[in-house]
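Report on the structure
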Amino acid sequence: MGFFLVKRLLTLIVTLVATSVIVFAVLEILPGNAAQVLMGPDADPAAVAAKTVELGLDQPALQRYGHWIAGLLRGDMGLSYAYGSSVSELIGERLQLTVPLALLAMALTAVLALAVGVYAASQHNKLGDTGLMALAQLGIAVPNFWFAILLILLFSVKLQWFSAGGFDGWYFDDGVWAGLWNGVKALILPAVALAVVQAAILARFTRSAVLEVLREDFVRTARAKGLSRRATLWGHVLRNAMIPVVTVMGLQFAELLAGTIVVESVFYLPGLGRLIFQSIANRDLIVVRNCVMLLAGMVVVVNFIVDVLYAAIDPRVKASEI
């Protein structure tokens, strides 16, 4: 197990290094100049040149890459060109919304997908299976931003149960539970909009994985010993079907973290996705670079956690790796 973890950690580090090089290189070749954007299109060329020097954009690319990596290792992400404040503070503020939103969406995705996928597999080729898979196919086809607009029209405009957008933050002046509920309430509709598509995809994977395990000999043996169909399904089949399901869940959580830009824009949420969008418009590359690197790091870490979960779910994975 120790060798398994060391090997995965080394892979994680190499992946992060390679990602940092790619992120820096891609952003470097983008057209435009942050100093020109900040100073305006009609700014004096001398003033633009002075601003370029002030921002350190006149330095060679390799030197700027070294400064960036050194800063990351010290926990210093630098200062935003457009906001004039610490990039780490900007990202920290936005993560207070994006991470809970992704976690809530992932929780809804897992609950819906596992319930639908297992039930559909248990009703294979019956009406319940056909109907649920048709709904899942519809969920895959529906764009999340369009579904988000429908949720706003129904629950915000017509029923007025939820706010149409915005996020007041996590304030606990009225008590912990009241403050927690106010924050979660603002994220429910965005989380549902994000979860529907992901749940539809995961439900189909879950159904396929469960059906494959249901054909195994140990399932027939468990049923022959007198276990009920429900006990066999949830106690034996689901755990053995979780390897591909966990893989998809890990990828989906990473996608939820990185793919909230559109939904955050629809609900006017001040999250990480909206910060990236605004920073790209402002040519604030230092913010974009650190945000993309953070998201890439989250994806790599999530994949590492998935690998560890493999070993916890199926001991054969440890044996094969060692």
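Before any of the text, the structure's been laid out above.
In this report, the structure presented in the accompanying data block is examined.

Reading the values: the criteria
- Residues numbered from 1 in each chain as written.
- Predicted model: local features only at pLDDT ≥ 70, side-chain atom pairs only at ≥ 80, totals over all residues.
- Heavy atoms only, no water.
- Helix = DSSP H or I, 4+ residues; strand = E, 2+ residues; numbered from the N terminus.
- Buried < 20%, exposed > 50% of the residue type's maximum accessible area, 1.4 Å probe, protein only.
- Contact = heavy atoms within 4.5 Å.
- Axes fitted to C-alpha atoms, helices over the stretch in contact; angles between N-to-C directions.
- Left-handed = near helix turned anticlockwise from the far one by under 90°.
- Core = buried A, V, L, I, M, F, W, Y, C linked by side-chain atoms within 4.5 Å.
- Salt bridge = Lys/Arg side-chain N within 4 Å of Asp/Glu carboxyl O.
- Polar contact = N/O pair within 3.5 Å; in protein donor to acceptor, adjacent residues only side chain to side chain.

A positive phi angle, close to 65 degrees, is found at Asn 125, a residue other than glycine. Relative to the elements of secondary structure, Asn 125 occurs in the loop between helix 5 (87-122) and helix 6 (127-141). Judged by relative accessible area, Asn 125 falls into the exposed class, the value being 63%. Its identity is not glycine, yet Gln 160 carries a phi of approximately 60 degrees, on the positive side. Looking at the secondary structure, you find Gln 160 in the loop between helix 7 (144-158) and helix 8 (176-214). Residue classification places Gln 160 among the exposed residues on the basis of a relative accessible area of 63%.

Along the polypeptide, Leu 285 turns up in helix 13 (residues 285-313). Contact partners of Leu 285, with chain neighbours within four places excluded, come to Leu 27 and Tyr 81.

At a minimum axis distance of 7 Å, the contact between helix 5 and helix 6 shows a crossing angle of 145 degrees. You can see that helix 5 and helix 6 cross each other, and the crossing is left-handed. Within the contact between the two elements, helix 5 uses Val 116, Tyr 119 and Ala 120 and helix 6 uses Gly 128, Asp 129, Leu 132 and Met 133.

Membership of the largest hydrophobic core comes to 62 residues, with the highest contact counts inside it found for Ile 91, Val 210, Phe 267 and Leu 272. Sorting elements by how many residues they give to this core places helix 5 first, with 14 residues. Residues contacting Phe 267, with those up to four places away along its chain left out, are Ala 148, Ile 152, Ala 164, Gly 165, Gly 166, Leu 189, Pro 190 and Ala 193.

A few words now on the pattern of salt bridges. Oppositely charged side chains can pair when the atoms bearing their charge come close. According to the stated counting rule, one finds two salt bridges in the structure shown. A salt bridge links Arg 74 to Asp 76; its shortest N-O distance comes to 3.8 Å. By relative accessible area, which is 58% here, Arg 74 ends up exposed. Residue class for Asp 76 comes out partly exposed when judged on its relative accessible area of 39%. For the salt bridge of Asp 129 with Arg 207, the shortest nitrogen-to-oxygen distance reads 2.7 Å.

In this fold, Val 210 is placed in helix 8. Residue classification places Val 210 among the buried residues on the basis of a relative accessible area of 1%. Not counting residues within four places of it along the chain, the set of residues in contact with Val 210 comprises Val 118, Ala 121, Leu 233, Val 237, Leu 238 and Ala 241.

The subject of this paragraph is the side chain of Thr 19. Take Thr 19: it is sitting in helix 1 (residues 2-28). Separated by 2.6 Å, the side chain of Thr 19 and the backbone oxygen of Thr 15 make a polar contact. Sequence-distant contacts of Thr 19, defined by excluding residues within four places in its chain, comprise Met 293 and Ala 296.

None of the figures reported here should be taken as evidence of function without further support.
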